[in-house]
Each structure stands twice: as structure tokens, then as C-alpha cells.
Amino acid sequence: MDCKKASGLSNTAFLRQPARVLIVDAVPPRWSDTRAVLCDALENFLTMVCSLKGPSRLPFLSVFAIGGQQQCLLPFAKVRGNLPRLLSCVAALRAIPGKGVNTELASVGEHLRKTVLDSHRQFHQYRKFSGVHVQANISVEVTVVTSRPGTGVVSLLKNVLKDDDLEPINSFLVVQLDSEVDWGQDEVLPQDPRQICSAESLVLVDLRQVANSVFAVEGVLKEWLREYGVDFEHLHLALPSPRGSPAAVHVKCDVRESVISPSLLPLSPEKPDSLGDIVSASPAPRRMRAIKALRSGGVCQSMLYGLPLVVTPTTCWRLNWDEMESNRHAFQALNRTLQDHDQVLLLQAGPSDGGGPDLRTFYCLHPSPSLAMLLKPVVCQELYMPGIHSKPLQEPPPEAMRLIRGCLSQINEAAVLSPCCLSSNLYQYLRSIPVTELHRPSGESNAHAAIQTYQRQPAGGVEVGGQPRQVNTSVVWQSSDPFTSERLLSAEIC
């Protein structure tokens, strides 16, 4: 399946992703406490990024470290297909000693300015001399990771960079790893009016405080995978005109991912989310172990992905009648108990029996009033995209409430959702597709285009050396197994 279609991405998604500069404040003594966390998170993140299919979400990366001196651990480099070099950079970062003399904030400011200007120069040289295609309008964003008080680092960046031309660097993010160490008053920026950044400074610096944990740091890095540079809104919600108003109402929205789609990673068939995947994963029944009972109200729908499957008590002929009846009663009891307690069952599948690291998957089993339950795949922490959820809902203005209520009052209300009332025009659409396009593997596209070229030639055939040659096109069906058939298109030149 096309990874863009699988993930719901358009052909224009991720075309303007910024290049990234990561600056690590590796100054002792706190570096010894944050080193392992940051390096583990960075190693996990880069492994994930280099495994993603589809358009590149992180095109270029550069890494610097500020310790006793400034170090460029990774000059600007293309991320895709470059995992060994990226992991070598992480190893070099991990090797920076965590013990030594603390560096004053003023010296850190000088190192920061020099690092930013070096990255700015490097990017221009990389774009000019590397031979790698770099879009002309690409921007650069700088992330500074530190365990110092973040407000002081933000003010410091604004002060030391306010007179520099930083184009195409357009934003800075200071990530403060929370720690229990008190840095003392010497870590607060001096309140000298000559050193305070003016309100007219164009240097945009954001501050984010996160826990000193691998998961929290991964969450910050995963925000680099979001789509940037949106030139137009993604979605228009068309609502009926309110009574007495001829103008239609459109609510314009952006669409963001809540998880990294497993279809973008080389997990199949280890990550089944369809009946065919579960049945074909192993000749033996797939075993799922109940590990936790959850309140149904505590399961966020954005943390579920893929196609849900309906689970019913088995009717396998290999079971004798008494065993089948006993199993049916146990299924009914489980379904009823979950309903009575308003609970959902969390299941764990795996580890697999194959070689290599074991891969575990998780599912939610939802009860229903019928003799069936619903099985939905659950996102794990590696695929979770933190920071995408909006702020708590605030009370909108009364004018907006009256407008939307007037629109919704024009829509018919139904007690239940019935798919029998929803027609997608699917059959007519499928009949409009040429037969030669159905069930054709993606690799045959060039061959099929060539055949169509031959078929568009005059009836006399293709003229070669002044002599016409007849073209005979045929469709050959070849069965690879009892359940699937592959059509091979061949062109025989007589």
C-alpha cells in the first residue's frame, strides 16, 4: 500500500520541513545527570526517523555541544539513510565527560552565539557545495537543550543575537530539563539595562520545561515530525445556513497526527490491524493476554488506530460440542462483566516466536450489548505524538454560540448511526476504473505504460527499420497460492 495513502497524507505534505540545529548544554556538573536521558532519547528518535517511509519529515540535522568548549558533533547532514553517522554523533555526545568545573552563564552566552553563527554559516555552505538538493525557501530552527533555568537562557539568547542577521534561522526553542539542583543566583541573567533585550527584538525564542526522562525528551523531538509550513487550511466543515441567513458557515480546520502510523514503519506482519494479518501471522491462534481493566471513559479515541475487528465466540469445528458451549458461556460472562463495570480490557500480544528483539502490541477489547466485542489496536509510547492536543476548551463568545447553534438546528438528528443509510457510491467508482488497473502490483506501472504505448500505435504495428512489426498484447493469469492470483501483463513482439 502506498504509505501516503495509508497515513492519510496528501502529495503536498511535509514539503517545507525546516532543517534542525540541536545545541546541547553539556556543562558540568548537571550534565552527568541529563547525559544518559538525552542521549537515549536522541538515539531512539533518530532510529525512528530513519525508519519512516514517505516524505522526509526531518530533512537535515546538525548537532553541537557546549561543554568546556564548543564542539560540532555533526555538521549539517541529510538524515534519511544516514543512521550510522547519526548514531556515531550520539556516541560522541555520550562521551563528553560529566564532571568538571561549572561554566558561568556569560561564557555560555559567548559559546551560544558562536554556535548559532557557525550553524548559520554551515547551512549556507552545505546548501551551496554539498550537491544535495536543498529547497530555496527552507528555514532553519534551533533547539537548545539545557538544565539551567530556562528563563535566563532565553534572555541570554535574545541579548547575544539581537544584532545578528540570522536568515534563514527563524525560531529558537529552549528546552529546560527539570532538575533538583539549585544553580544559585549566578545563573540569573544580570539586570543591567544595557544587557536587557529590547522589546523590538526580532529573535523569537520559546521556552519549554520538560521532565528529565527519556519519554519527555522524545516527545519534544517528535514534534519535529509534525508538518510545518502549512500554506492553506486542511479542512472546511460546511454547516447549513442558520434560519434567516443566506450565508453558509464554514469552520476552517487543520488536521494533525496524534500518532505515528505503524504503516510507515517496517513492522508488518508483526503489527497486525486487520483480520488477514491476524490470521496469517501464525498458523497457531494468536495469543493475547489481559493485563489491565480500564474505565471506558478513560480511553481516548485518538490513542486507537487501524480498523476495528469484531470478536465473537469461536465456532471452530476442531472443538467438541461441550467445549464450544463452555467457551460461549465464558465469552458471554466476560462481555456482561465488562458492561456492568463500564470497563474496557487492555490486551497484550506477543512477544513473537521469531528471532530478533521481541515486539509487543496492545489492543483494547470493548464490550457490547450483543454476542460480540470490538477489538481495536492501541498506540504504544514509541508511536505516541505528545504535544498535539489543544488547550482546555474555553467558553466561546455568545455570538459564535448563537451562530453555530442556529446551524446545527437545521440538521436532522438521529438516535443511532446506521451504515445502511450511508452510500459512498463505491460500486460506480470501482466500475469506472479500467480493468487493467485492478489488482496490478505497483511495480508493473512502467510495463503497463509501455504496453499502452504499443496499443496506441497504428494497426500496422510499430515501424522498425522501415518494416512494420506486429504487436500482440495478452493478459496472463498466474496463481501464486490458492487464495490470491496475480495478473502479469506481457507484450509479445512478433
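Residues numbered from 1 in each chain as written. Predicted model: local features only at pLDDT ≥ 70, side-chain atom pairs only at ≥ 80, totals over all residues. Heavy atoms only, no water.

Peer 1: Requested: an account of the packing of aromatic side chains, with residues and values cited.
Peer 2: With the rule as written, the count across this model stands at 4 aromatic pairs. Aromatic pair Phe60 and Tyr126: ring centres 5.5 Å apart, planes at 70 degrees, arrangement edge-to-face. One end of the pair, Phe60, is in strand β2 (residues 60–66); the other, Tyr126, is in helix α4 (residues 105–129), with 66 residues separating them in the sequence. Relative to Tyr384, the ring of Phe215 lies with its centre 6.2 Å away and its plane at 5 degrees, an arrangement referred to as stacked. You can see Phe215 sitting in helix α6 (residues 214–222) and its partner Tyr384 sitting in the loop between β13 (373–378) and α9 (398–408), a full 169 residues away along the chain. On the basis of relative accessibility, which here comes to 38%, the residue Phe215 falls in the partly exposed class. (Phe/Tyr/Trp six-rings, centres within 6.5 Å; stacked < 30°, edge-to-face > 60°. Helix = DSSP H or I, 4+ residues; strand = E, 2+ residues; numbered from the N terminus. Buried < 20%, exposed > 50% of the residue type's maximum accessible area, 1.4 Å probe, protein only.)

Peer 1: Run through the pattern of salt bridges, naming residues and quoting values.
Peer 2: A complete count under the given rule lists 10 salt bridges for this structure. With its nearest N and O atoms 3.2 Å apart, the salt bridge here joins Lys114 to Asp118. With Lys114 and Asp118 both in helix α4, this residue pair falls 4 residues apart, about one helical turn. Judged by relative accessible area, Lys114 falls into the partly exposed class, the value being 45%. Judged by relative accessible area, Asp118 falls into the buried class, the value being 15%. The residue Arg121 makes a salt bridge to Asp118 at a minimum N-O spacing of 3.4 Å. Of this pair, Arg121 and Asp118 both sit in helix α4, 3 residues apart, roughly one helical turn. (Salt bridge = Lys/Arg side-chain N within 4 Å of Asp/Glu carboxyl O.)

Peer 1: Can you explain the confidence of the model for the protein? Please cite residues and give values.
Peer 2: Residue-level pLDDT values for the protein average 77, and 72% of them are 70 or greater. Mean pLDDT per element in the protein: strand β17 (residues 485–493) is the minimum at 33, and helix α3 (residues 83–94) is the maximum at 95. (pLDDT = per-residue confidence, 0-100.)

Peer 1: How would you sum up the packing of helix α2 (residues 31–51) against α3? Please name residues and give values.
Peer 2: Remark: α2 packs on α3, axes separated minimally by 9 Å, with the N-to-C direction vectors making an angle of 175 degrees. Relative to α3, the element α2 lies roughly antiparallel. Between α2, through Trp31, Arg35, Ala36, Leu38, Cys39, Asp40, Leu42, Glu43, Leu46, Thr47 and Cys50, and α3, the contact on the second element is made entirely by Leu83, Leu86, Leu87, Val90, Leu93 and Arg94. A per-class count over the contact of α2 with α3 returns 12 nonpolar, 1 polar and 4 charged. (Axes fitted to C-alpha atoms, helices over the stretch in contact; angles between N-to-C directions. Parallel < 35°, antiparallel > 145°, perpendicular 65-115°, else oblique. Contact = heavy atoms within 4.5 Å. Nonpolar A, V, L, I, M, F, W, Y, C, P; charged D, E, K, R; others polar.)

Peer 1: A description of the nonpolar core should follow, citing residues and the corresponding values.
Peer 2: One finds Phe45, Leu61 and Leu93 to be the most contacted residues of the largest nonpolar core, which totals 49 residues. Of all the elements in the fold, those that place two or more residues in this core are β1 (19–25), α2, β2, β3 (70–78), α3, β5 (169–177) and α6. Top contributing element to this core by residue count: α2, with 10 residues. Every residue in contact with Phe45, bar those within four places of it in the chain, is listed here: Leu58, Leu221, Lys222, Trp224 and Leu225. Of all hydrophobic cores here, the second largest spans 29 residues; its members include Val108, Val116, Ile138 and Val142. (Core = buried A, V, L, I, M, F, W, Y, C linked by side-chain atoms within 4.5 Å.)

Peer 1: Residues and numbers for the packing of α2 against α6, please.
Peer 2: Contact geometry for α2 and α6: axes closest at 9 Å, N-to-C directions at 45 degrees. Comparing their axes, α6 and α2 come out oblique. For α2 against α6, the interelement crossing comes out right-handed. Packed against α2, whose contacting residues are Val37, Leu38, Asp40, Ala41, Leu42, Asn44 and Phe45, the element α6 presents Val214, Val217, Glu218, Leu221 and Lys222 at the interface. (Left-handed = near helix turned anticlockwise from the far one by under 90°.)

Peer 1: Which residues make up empty space enclosed by the protein, and what values do they have?
Peer 2: A full pass over the atoms with the stated rule returns 4 cavities of 30 Å³ or more. Volume-wise, the largest cavity comes out at about 60 Å³. Val49, Cys50, Leu52, Pro55, Ser56, Arg57, Leu58, Val79 and Arg80 are the residues that line the largest cavity. Here the lining of the largest cavity is built from residues that sort into 6 nonpolar, 1 polar and 2 charged. (1 Å grid on protein atoms, 1.4 Å probe; cavity = no way out; pocket = protein on both sides within 12 Å on 5 of 7 lines; lining within 4 Å. Points joined across faces, edges and corners; volume = space filled by probe spheres on them.)

Peer 1: So, the sheet that holds strand β11 (residues 343–349): which residues are in play, and what are the values?
Peer 2: With antiparallel pairing, 5 strands are arranged side by side in an open sheet as β9-β11-β12-β13-β10. The outermost strands of the open sheet, each flanked by one partner alone, are β9 (288–295) and β10 (309–311). Across this sheet, the average inter-strand angle for adjacent strands is 35 degrees, counted without regard to direction. Alignment of β11 against strand β12 (residues 361–366), held across 5 bridges, turns out to be antiparallel. The partner of Leu345 across the bridge, within β12, is Leu365. Of the strands in this sheet, β10, β11, β12 and β13 are in contact with helix α8 (residues 321–340), which crosses β13 at around 70 degrees. (Pairing = 2+ DSSP bridges.)

Peer 1: So what about α6? Which residues, and what values?
Peer 2: Within α6, 7 of the 9 residues are buried, which leaves the element mostly enclosed by the surrounding structure. Every buried residue belonging to α6 is among Ala216, Val217, Glu218, Gly219, Val220, Leu221 and Lys222, and all of these are buried. Structurally, α6 contributes buried residues whose contacts are with α2, β5 and β6 (205–210).

Peer 1: Tell me about the sheet that holds β6, residues and numbers included.
Peer 2: Read across the open sheet, the 6 strands follow the order β3-β2-β1-β4-β5-β6; overall the sheet is mixed. Strand pairing shows two members of the sheet lacking a second neighbour, β3 and β6, which therefore form its edges. Neighbour to neighbour, the strand axes of the sheet diverge by 15 degrees on average, direction disregarded. Summarising the sheet, β1 and β2 pair through 6 bridges and their orientation is parallel. Each bridged residue has a counterpart across the sheet, and for Leu22 the counterpart in β2 is Val63. Along the sheet, α2 makes contact with β1, β2, β4 (140–146) and β5, crossing β1 at roughly 160 degrees.

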